[in-house]
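# Fold and contact review
So you can see what is in the structure, the chains are spelled out below.
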Amino acid sequence: MTSTHAFWLAGRQATGEDTFDVSSPWDGRLVGRVSVPTDAQVEEAVAAAYAVRDEFAATPAHVRAAALDHVSKRLVERTEEIARLISAENGKPLKWARGEVGRAVSVFRFAAEEARRFNGGEAQRLDTDLGGQGRLALTRRFPKGVVLGIAPFNFPLNLCAHKIAPAIAAGAPIILKPAPATPLSGLIIGDLLAETELPAGSWSVLPVANDKMPALVQDERLPVISFTGSEKVGYAIMDSVPRKHCTLELGGNGAAVVLADWASDEDLDRAAQRIATFSNYQGGQSCISVQRVIADASVYDRLLPRVVAAVEAQVTGDPSDDATDVGPLVSEDAAKRVETWVQEAVDAGAALLTGGKRDGASYAPTVLADVPADVTISCEEVFGPVLTVQKVNGEAEAFAAVNDSKYGLQAGVFTHDLQTAFRAHRALEVGGVVVGDVPSYRADQMPYGGVKQSGVGREGVRFAMEDYTYERVLVLTGIDL
């Protein structure tokens, strides 16, 4: 008999009246049964977070840092267990799941470090004008209030970490809502936080059903919303609460540009391998996975067969097998959607070079060429193991092709030329440009986010802390400088 996973309400375990099942997208087996909080329990969590907000903001930095350090260390100790849980509930290959745990370890470690040095205060002399003589300004940051963190399914541990760790580091209470498809990884963070001495009410992990979220989003006691997920849902949240502070990490259709100077056999082999790996890692279910390859005409004909061969070499299958590179998508419905988009492109004239087959929730790694610009897969985020390949003439045309998208999250540019790198940084309408590699690189301490319809705000521990806080100025009078 499967036991029921409790949720975390104001720092303590609790169960509700209903449950839901979490099943493996690979084989449909039951991974866990999760208790759902009642409306009254959600209200209790919100009330507790709101009540503790001043106390938590005043908690000494060493207390918050110690708690975050503890979670980081415990994640290390439980890496294999947690990686297997991620793989089971998400379908992510075990090798990538282990990497995700490693990243979460770093996120909590970075947060502990930032908790110790963040908000040290900035002094500014005001006697630069006559009216400011004898005055000194001291600027510090204070939490805006309780954070509502809404995490997606594709990185069920690390993106929960990116919500909760910066909030704790900044002294902002947080209510974390993990994705309904993958709540178990988020609940693990609750297990580890419960071993710390953080104030009751400063954090909760609530697997609330999506249809219950509008009330939480609208609650005035939760002035900060940090959401990672689809463009449609993210902007619906922002539009519904225009006076709240919203950080939205939304979609992308990441482009990898291969320019003319990236031309040796070794260069092209490396580009093809990186493109194949990162168009298919996480089953393509990453906002910065490679969806578009934009290659200069001078290298296109040599690059294309290498990309196809590298994609075909990806090992697909059981995500619990250490050898597997590509597992299933999160659900059969997700795989059917990808199947429909690929078929639409082929029907419109695209060339299917490999892949294009679905088996339940699994979709074969796929490469398309000559894709019409107006089909869905050219315009939207596929969120599956599919990439398109496009030929361009020259750097300017390549950069224009990257920008010909409603999204702007990250782009990769394969070039050896430093001046080209700086031109790409200026020209490309994205939140991050990765030179010499695919767009899929993310260091968890760097500012991460997009422009256009890829969202607003930035994650990355210190940058999220800045989003969760505001500047407050103290003016001291009668100061002899």
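Note that the coordinates shown come from a computational prediction; the quantities given were computed from them, not determined experimentally. (Residues numbered from 1 in each chain as written. Predicted model: local features only at pLDDT ≥ 70, side-chain atom pairs only at ≥ 80, totals over all residues. Heavy atoms only, no water.)

## Concerning the overall build of the protein
Helix and strand counts for the protein come out as 16 helices and 25 strands. For 481 residues, the compact-globule estimate of 2.2 N^0.38 gives 23 Å, and the C-alpha radius of gyration of the protein, at 24 Å, lies within 12% of that figure. Projected onto its principal axes, the C-alpha coordinates of the protein cover approximately 70 × 70 × 40 Å. Counting only contacts in the protein whose residues sit at least 6 apart along the sequence, the fraction spanning at least 24 positions is 72%. Here the protein has roughly 19,500 Å² of accessible surface; of this, 50% comes from carbon and sulfur atoms. Here the protein holds 46 positive side-chain charges and 63 negative ones, and the gap between their average locations is 4 Å. (Helix = DSSP H or I, 4+ residues; strand = E, 2+ residues; numbered from the N terminus. Rg over C-alpha atoms; globule rule 2.2 N^0.38 Å. Contact = heavy atoms within 4.5 Å. Areas by Shrake-Rupley, 256 points an atom, 1.4 Å probe, with all protein chains shown as cover. Lys, Arg positive; Asp, Glu negative; His and termini not counted. Charge placed at Lys NZ, Arg CZ, Asp CG, Glu CD.)

## A word on the packing of aromatic side chains
With the rule as written, the count across this model stands at 6 aromatic pairs. Arranged with centres 5.8 Å apart and planes meeting at 70 degrees, the rings of W96 and F278 form a pair that is edge-to-face. Taken together, the residues span a long stretch of sequence, with W96 in helix α5 (residues 94-117) and F278 in helix α10 (residues 265-280) at a distance of 182 residues. Residue class for F278 comes out buried when judged on its relative accessible area of 12%. (Phe/Tyr/Trp six-rings, centres within 6.5 Å; stacked < 30°, edge-to-face > 60°. Buried < 20%, exposed > 50% of the residue type's maximum accessible area, 1.4 Å probe, protein only.)

## Considering the nonpolar core
If you look at the biggest cluster of nonpolar residues, it comprises 80 residues, and the most contacted ones within it are L68, L75, F108, L148 and I164. Among the elements that line this core, the one with the most residues is α5, at 11 residues. Once you skip the residues sitting within four places of it in the chain, I164 turns out to touch F108, I174, L176, I189, L193 and W203. (Core = buried A, V, L, I, M, F, W, Y, C linked by side-chain atoms within 4.5 Å.)

## Comments concerning the environment of L352
In this structure, L352 sits in strand β15 (residues 351-354). Along the backbone, L352 and A313 are 39 residues apart, and their C-alpha atoms lie at a distance of 17 Å. Residues within four places of L352 in sequence aside, it is in contact with V346, T366, V367 and L368.

## Quick look at the sheet that holds strand β4 (residues 18-23)
Strand order in the open sheet formed by 3 strands is β1-β5-β4, with mixed pairing between adjacent strands. If you trace the sheet from one side to the other, it starts and ends with β1 (4-5) and β4, each paired once. Direction of pairing for β1 relative to strand β5 (residues 30-36): parallel, over a ladder of 2 bridges. Each residue of the ladder has a partner; that of H5, found in β5, is V34. (Pairing = 2+ DSSP bridges.)

## Digging into the pattern of salt bridges
Under the definition given, this model contains 34 salt bridges. Here E100 and K92 are joined by a salt bridge, their closest N and O atoms 2.5 Å apart. Given a relative accessible area of 2%, E100 falls into the buried group. Taking relative accessible area as the criterion, K92 reaches 2% and is therefore assigned buried. Between D265 and R306 there is a salt bridge; the shortest N-O distance is 3.1 Å. Remark: R306 occurs in helix α11 (residues 297-312) and D265 occurs in helix α10; sequence separation between them is 41 residues. Look at D265 and you get partly exposed, because its relative accessible area is 46%. For R306, a relative accessible area of 22% gives the class partly exposed. Within the structure, one salt-bridge network assembled from shared partners comprises E80, R84, R98 and D322. (Salt bridge = Lys/Arg side-chain N within 4 Å of Asp/Glu carboxyl O.)

## Considerations on the pairing of strand β14 (residues 292-296)
The buried fraction of β14 is high, at 5 of 5 residues. On β14, burial covers both faces: R292, I294 and D296 on one face and V293 and A295 on the other are all buried. Here strand β13 (residues 255-258) pairs with β14 via 4 bridges, running parallel. In the sheet register, V258 faces β14, and the bridge partner there is A295. In terms of handedness, the path from β13 via α10 over to β14 forms a crossover that is right-handed. (Right-handed = clockwise from strand over helix to strand, strands pointing away.)

## Quick look at the sheet that holds strand β7 (residues 135-143)
Each strand in a sheet pairs with its neighbour through backbone hydrogen bonds, running either in the same direction (parallel) or in the opposite one (antiparallel). One open sheet accounts for 3 strands, arranged β6-β7-β25; its pairing is antiparallel. Edge positions in the open sheet fall to β6 (122-125) and β25 (469-477), since each of these has one partner strand only. Within this sheet the neighbouring strands show an average axis-to-axis angle of 25 degrees, counted without direction. Note that β7 and β25 share 9 bridges and pair antiparallel. Opposite F142, over in β25, you have Y470 as the bridge partner. (Axes fitted to C-alpha atoms, helices over the stretch in contact; angles between N-to-C directions.)

## Regarding the packing of helix α4 (residues 79-90) against helix α7 (residues 183-193)
Put simply, α4 and α7 touch, their axes get as near as 8 Å, and they point 150 degrees apart. When the axes of α4 and α7 are compared, the pair comes out roughly antiparallel. Of α7, the residues touching α4 (which contributes E81, I82, L85, I86 and E89) are P183, L184, S185 and I188. A class-by-class count of the residues in the contact of α4 with α7 yields 6 nonpolar, 1 polar and 2 charged. (Parallel < 35°, antiparallel > 145°, perpendicular 65-115°, else oblique. Nonpolar A, V, L, I, M, F, W, Y, C, P; charged D, E, K, R; others polar.)

## Some points on helix α14 (residues 395-403)
Considered for burial, the residues of α14 that qualify are A398, F399, A401, V402 and N403. Close packing links the buried residues of α14 with β13, β14, β19 (386-392), β21 (410-414), α15 (418-427) and β23 (451-452).

## Comments concerning the state of the cysteines
Formally, a disulfide is one covalent bond, and it connects the sulfur atom of one cysteine to the sulfur atom of another. Going through the model one piece at a time under the given rule, you end up with 0 disulfides. Sulfur of C246: no disulfide; nearest cysteine sulfur belongs to C287 and is 17 Å away. Residue C246 is classed as buried on the basis of its relative accessible area, which comes to 9%. Cysteine C287 remains unbridged, with the sulfur of C160 as its closest cysteine sulfur at 14 Å. With relative accessibility at 13%, the residue C287 sits in the buried group. (Disulfide = S-S within 2.5 Å.)

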